[in-house]
Amino acid sequence: MLERDIEKRVKDYARSKGWLAYKFTSPGHAFVPDGILISPKGVVIFIEFKQSGKKQTAGQLREHERLKNQNCLIYLVDNVEYGKEIIDGYY
């Protein structure tokens, strides 16, 4: 499945559970995760979407590590089922 299709299906699922789901872009700052999801309880997670089996680039890994060092929740999602599990885990 294509990355964009995984992203759409996971975000649609999140919205069906009352989450806010945003595309994350940061002008002038490369390698940020693809999406920000905010639960009805206020939990904020960052998600990097990838095709199944694909890995993050070196720049993405660096940015993800920076976010982890700030105690942010960040996930690599390469299939719809895993994305749904993450959402359900915070629901």
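Residues numbered from 1 in each chain as written. Predicted model: local features only at pLDDT ≥ 70, side-chain atom pairs only at ≥ 80, totals over all residues. Heavy atoms only, no water.

(A) Expanded view of the overall build of the protein chain. From N to C terminus, the protein chain includes three helices and four strands. Helices and strands appear in the protein chain in the N-to-C order α-β-β-β-α-β-α. Projecting the C-alpha coordinates of the protein chain onto the three principal axes gives extents of approximately 30 × 30 × 20 Å. Across the 91 residues of the protein chain, 36% fall into the buried class. Put simply, of all contacts in the protein chain between residues at least 6 apart along the chain, 53% involve residues at least 24 apart. As displayed, the protein chain offers around 5500 Å² of accessible surface, 51% of which is attributable to carbon and sulfur atoms. Separation of charge centres in the protein chain, based on 15 positive and 12 negative side chains, amounts to 2 Å. (Helix = DSSP H or I, 4+ residues; strand = E, 2+ residues; numbered from the N terminus. Buried < 20%, exposed > 50% of the residue type's maximum accessible area, 1.4 Å probe, protein only. Contact = heavy atoms within 4.5 Å. Areas by Shrake-Rupley, 256 points an atom, 1.4 Å probe, with all protein chains shown as cover. Lys, Arg positive; Asp, Glu negative; His and termini not counted. Charge placed at Lys NZ, Arg CZ, Asp CG, Glu CD.)

(B) Focus on the environment of Tyr75. Mapped onto the secondary structure, Tyr75 falls in strand E4 (residues 73-77). When the C-alpha atoms of Tyr75 and Arg15 are compared, they prove to be 18 Å apart, with 60 residues separating the residues in sequence. Those residues in contact with Tyr75 that lie beyond four places of it in its chain are Ile45, Phe46, Ile47, Glu48, Tyr82, Ile86 and Tyr90. Within polar-contact distance, the side chain of Tyr75 engages the side chain of Tyr90 at 2.4 Å. (Polar contact = N/O pair within 3.5 Å; in protein donor to acceptor, adjacent residues only side chain to side chain.)

(C) Quick peek at the pattern of salt bridges. Summed over all chains, the structure comprises five salt bridges. Between Lys11 and Glu7 there is a salt bridge; the shortest N-O distance is 2.8 Å. With Lys11 and Glu7 both in helix H1 (residues 3-16), this residue pair falls four residues apart, about one helical turn. Using a relative accessible area of 6% as the deciding quantity, one classes Lys11 as buried. The exposure class of Glu7 is buried, given its relative accessible area of 9%. The salt bridge partner of Glu63 is Arg66, with a shortest N-O separation of 3.2 Å. Taken together, the residues span about one helical turn, with Glu63 and Arg66 both in helix H2 (residues 58-69) at a distance of three residues. (Salt bridge = Lys/Arg side-chain N within 4 Å of Asp/Glu carboxyl O.)

(D) Inspection of the packing of H1 against helix H3 (residues 80-90) at higher detail. Where H1 meets H3, the closest approach of the two axes is 9 Å, and the angle between their N-to-C directions is 25°. Viewed along their axes, H1 and H3 adopt a mutual orientation that is roughly parallel. Every pair of crossing elements has a handedness; the one defined by H1 and H3 is right-handed. Where H1 approaches H3, its residues Ile6, Arg9, Val10, Tyr13 and Ala14 are matched on the opposing element by Val80, Gly83, Lys84, Ile87 and Asp88. Taken together, the residues of the contact of H1 with H3 sort by class into six nonpolar, one polar and three charged. (Axes fitted to C-alpha atoms, helices over the stretch in contact; angles between N-to-C directions. Parallel < 35°, antiparallel > 145°, perpendicular 65-115°, else oblique. Left-handed = near helix turned anticlockwise from the far one by under 90°. Nonpolar A, V, L, I, M, F, W, Y, C, P; charged D, E, K, R; others polar.)

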